[in-house]
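# Structure at a glance
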Amino acid sequence: MADQPAPVDVTDFHVFDTTLRDGAQREGVSYSVADKLAVARLLDEIGVGFIEGGWPGALPKDTEFFARARTELQLRHAQLVAFGATRKAGVAVAEDPQVQALLDAGTPVVCLVAKSDVRHVREALRTTPEENLAMVADTVAHLVAHGRRVFVDCEHFFDGHAADPDYGVQVLETAFAAGAEVGVMCDTNGGMLPMGLGRVVADVRARTSGKLGIHCQDDTGCAVANSLAAVEAGVTHVQGTANGYGERAGNADTFALIGNLVTKMGLPVVPAECLPELKRVSHAIAELANIAPDDHQPFVGASAFAHKAGLHASAIKVDPELYNHLDPAVVGNDMRILVTEMAGRASVELKGRELGVDVTGQGDAIGRVVAQVKVLEAEGWSFEAADASFELLLRAELPDAPAPLFTLESWRASVEHAATGDVVSEATVKVHLPNPDGTTERVISTAEGNGPVNALDNALRQALVGRHPHLAGVSLADYKVRILGWKGGTSATTRVLVDTTDGTGEWTTVGVHDNIVEASWRALVDALTYAVRHR
Ligand SMILES: CC(=O)SCCNC(=O)CCNC(=O)[C@H](O)C(C)(C)COP(=O)(O)OP(=O)(O)OC[C@H]1O[C@@H](n2cnc3c(N)ncnc32)[C@H](O)[C@@H]1OP(=O)(O)O
Ligand SMILES: CC(=O)C(=O)O
């Protein structure tokens, strides 16, 4: 019977990030060398132990990355890793240019990919299992002799184990005997589930002598769970990629791995001060990869701690821990309360607090707001992405509700297609502005714009700016339209969301109507009203 595995030392755990190698294998991702350097700096800020930068010799961009990294990258936490394959079959290791490129990269650590499934050895490498073991031994020993720490990624380890439980173990033992520091079991095709994977890892751990690692692809949607099962079964080196980017369905998400390993499994895989950087770094890397951040990503997504259901909010009001698995601040995230048709009184109260509106003792007003939101959302309004409109609606129900900026007499907007082909819009607004003595001033304002909404925005701003000079510095940042349901012909309810900025802050307002320009007008009025109230 095999000896019991030695107990694991928790200080020996580390996260190995391969965003810049396997993560770059995601369809649609193409980093420049400058992007790669920026991503490496960001990964270092979250305290991962190793950053795999790419495959020197295979990709010219990666060769350049390692060359520039020598002078341009000062890492505080991580060690830089060059990735490559074992020597080719039948070629002396010292003669293999890919292996030489790994040495030329000048990194302290090299991660080699090696075949560990006999079928792959025979069919893909077209060589013998014995020659493959020699390729592993020669390449590891050569790199170690040149002063490198060497990790070995055993490709298709789990498929190989199913066919022959001994060959992968032989590959690992060969690598360890040649001086490899870590043998990484890779679920290359990503087909494993946590229960089976955990059993294989436990079996291998009982039969091998070195430090084991795990690398999981996400083809069953279980990459993170599989990695954690491997940790439970004894691995101490865990590979992941930022936001789970990677080949096909991706890899284990580094942020979820760190979040779980540190906060759920009590393994200090990154320095404590790095944990609150997770959300910021996740979003910054998404930006560099040119991929919209996933709002629903565990731990770091904008919605990871957003609560919509009224019942959740009512419990959170008593104690946020009742509906959060973790204090969001631990990973640099925030809790948000969403006020929608699913809201109850507690949702409105908590949202008021979040927006800085004191609703203490305003039970009746809160009840009216809940009822209004339910009716409006049934008509197509949506306040969850339009905090500014919700705040105006809430304040309007409170006893000290501010007066409207103006009373509308009428607005008109037109679009003219001239014979020259030019298309010009013009709008006129007629409003009554309140005077301190209780009278009003009638103002008529006309302006042009590149469309009817732009013309209306210009005309209304022009009418108000004399009273509210701050509006001169306010502009629309984004405008989104959603058609909510066709009523026949070209008639439909339209929802407009407007993002507005004054250069320092940005806020979102909503308008809904059957007429798209009226829907836009409503969102514009809220946008400018909010600007005046928050100047
Ligand atoms: C599971 C993973 O994700 S591993 C990472 C995979 N990443 C990449 O493939 C990205 C970078 N790849 C490349 O730029 C190219 O594929 C290269 C430069 C590596 C190789 O290109 P080419 O020489 O044109 O070969 P090609 O891609 O067609 O085939 C791969 C060769 O490597 C060999 N090979 C594959 N795996 C290994 C290995 N672990 N050890 C040694 N040789 C290997 C194959 O047998 C094949 O050899 P052959 O040309 O003698 O038939
Ligand atoms: C090495 C690697 O990326 C894999 O086996 O999936």
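Residues numbered from 1 in each chain as written. Chains lettered and ligands numbered in written order. Predicted model: local features only at pLDDT ≥ 70, side-chain atom pairs only at ≥ 80, totals over all residues.

## Here's the deal with the overall build of the chain
Using the following cut-off: Working definition: helices are DSSP H or I runs of at least four residues, strands are E runs of at least two. Numbering for both runs from the N terminus. C-alpha atoms define the radius of gyration in this analysis, and the globule rule sets the expected value at 2.2 Å times the number of residues to the power 0.38. In this scheme the burial state of a residue depends on its C-beta neighbours within 10 Å: 20 or more other such atoms mean buried, 12 or fewer mean exposed, and anything in between means partly exposed; the C-beta positions come from the backbone.
In terms of helices and strands, the chain carries 17 helices and 16 strands. Rg of the C-alpha trace for the chain: 30 Å, well past the compact-globule value of 24 Å for 535 residues, more than 25% over. Counting only C-alpha atoms and orienting by the principal axes, one finds that the chain spans roughly 95 × 60 × 50 Å. Across the 535 residues that make up the chain, the buried fraction comes to 46%.

## A short note on the site of ligand 2
Using the following cut-off: Placing a C-beta atom from the backbone of each residue, we mark the residue near a molecule or strand if the atom is within 6 Å of it. Classification convention: Asp, Glu, Lys, Arg as charged; Ala, Val, Leu, Ile, Met, Phe, Trp, Tyr, Cys, Pro as nonpolar; all other residues, Gly among them, as polar.
Within the structure, ligand 2 sits among Asp22, Val113, Asp153, Glu155, Cys186, Thr188, His215 and Gln217. A breakdown of the residues in the shell around ligand 2 according to their chemical character gives 2 nonpolar, 3 polar and 3 charged.

## A word on helix H10 (residues 254-263)
As a reminder of what qualifies: Any two residues are considered in contact once their C-beta atoms, placed from the backbone, lie within 7 Å.
Counting buried positions along H10 gives 9 out of 10 residues, so the element sits mostly inside the fold. Considered for burial, the residues of H10 that qualify are Thr254, Phe255, Ala256, Leu257, Ile258, Gly259, Asn260, Leu261 and Val262. On its buried side, H10 packs onto strand E1 (14-17), helix H9 (223-232), strand E8 (237-240) and helix H11 (278-289).

## A closer look at the domain arrangement of the chain
The following threshold applies: Domain start and end points were adopted from an automatic or database domain assignment.
Along its sequence, the chain is organised into domain 1 (17-289), domain 2 (306-396) and domain 3 (407-533). Placing the centre of domain 1 and that of domain 2 at their C-alpha centroids yields a distance of 44 Å. Across the boundary between the two partners, domain 1 contributes 8 residues, which contact 6 residues of domain 2. At the level of elements, H10 and H11 are the ones that each hand at least two residues to the side of domain 1 that touches domain 2. Ranked by residues supplied to the side of domain 1 that touches domain 2, first place goes to H11 with 3 residues. Broken down by class, the residue content of the side of domain 1 that touches domain 2 amounts to 3 nonpolar, 2 polar and 3 charged.

## Remarks on the site of ligand 1
Around ligand 1, 15 residues are found, and the nearest of them are Ala58, Ala85, Thr86, Val113 and Leu125. For the shell around ligand 1, the element with the highest residue contribution is strand E4 (residues 109-115), accounting for 3 residues. Tallied by class, the residues present in the shell around ligand 1 amount to 8 nonpolar, 2 polar and 5 charged.

## Considerations on the sheet that holds strand E12 (residues 423-434)
Operational definition: The rule for pairing is simple: two strands pair if DSSP sees at least two bridges between them. Axes here mean lines fitted to C-alpha atoms, for a helix over just the part in contact, with angles spanning 0 to 180 degrees between N-to-C directions.
Spatially, E11-E12-E13 is the arrangement adopted by the 3 strands of the open sheet, whose pairing is antiparallel. Each of the sheet's edge strands pairs with one partner strand only, and the pair in question is strand E11 (407-417) and strand E13 (440-449). In this sheet, neighbouring strand axes are inclined to one another by 10° on average, regardless of whether the strands run parallel or antiparallel. Where E12 meets E13, 10 bridges bridge the pair, whose relative direction is antiparallel. Counted as the bridge partner of Val429 is Ser445 from E13.

## Focus: the environment of Ser303
Considering the arrangement of structural elements, one finds Ser303 in the loop between H11 and strand E9 (306-307). Considered as a pair, Ser303 and Leu133 are 170 residues apart in the sequence and their alpha carbons are 48 Å apart.

## Description of helix H16 (residues 452-464)
The test is simple: The span you would expect from a helix comes to 1.5 Å times its residue count less one.
Helix length check: H16, at 13 residues, gives a terminal C-alpha distance of 18 Å against a target of 18 Å (1.5 Å per residue), a fit within 8%. For H16, every residue scored as buried is listed here: Pro452, Val453, Ala455, Leu456, Asp457, Asn458, Ala459, Leu460, Arg461, Ala463 and Leu464.

## A few points about the sheet that holds strand E3 (residues 79-85)
Strands in a sheet are paired, the pairing made by backbone hydrogen bonds, and the direction either parallel or antiparallel. The 8 strands lie next to each other as E1-E2-E3-E4-E5-E6-E7-E8, forming a closed barrel whose pairing is parallel. Direction aside, neighbouring strands of the sheet carry axes that sit 25° apart on average. Across the face of the sheet, helix H2 (residues 60-72) comes into contact with strand E2 (50-54) and E3 while running at roughly 130° to E2. Each of E3 and E4 touches helix H3 (residues 97-104); the most contacted strand, E3, lies at about 175° to it.

## Focus: the nonpolar core
The following threshold applies: Only buried Ala, Val, Leu, Ile, Met, Phe, Trp, Tyr and Cys residues enter a nonpolar core, and they are joined through C-beta atoms within 7 Å.
In terms of nonpolar packing, the biggest core is built from 99 residues, with Val152, Met185 and Ile258 touching the most fellow members. When residues in this core are grouped by element, the largest group, 7 residues, is from H9. The residues contacting Val152, other than those within four sequence positions of it, are Leu112, Ala114, Val136, Val140, Ala175, Ala180, Gly183 and Val184. Ile337, Leu350, Val429 and Val512 belong to the second-largest nonpolar core, a separate cluster that totals 51 residues.

## With respect to the packing of H9 against H10
As a reminder of what qualifies: By the definition adopted for this analysis, an angle is roughly parallel if under 35 degrees, roughly antiparallel if over 145, roughly perpendicular if from 65 to 115, and oblique otherwise. In this scheme, a crossing is called left-handed if the near helix is turned counterclockwise away from the far one by less than a right angle; it is called right-handed if the turn is clockwise.
At a closest axis distance of 10 Å, the pairing of H9 and H10 adopts a crossing angle of 40°. Taken together, H9 and H10 sit at an angle that is classed as oblique. H10 is crossed by H9, and the crossing has right-handed handedness. Contacts between H9 and H10 involve Val224, Ser227, Leu228 and Val231 from the first element and Ala256, Leu257, Asn260 and Leu261 from the second. Here the contact of H9 with H10 is built from residues that sort into 6 nonpolar, 2 polar and no charged.

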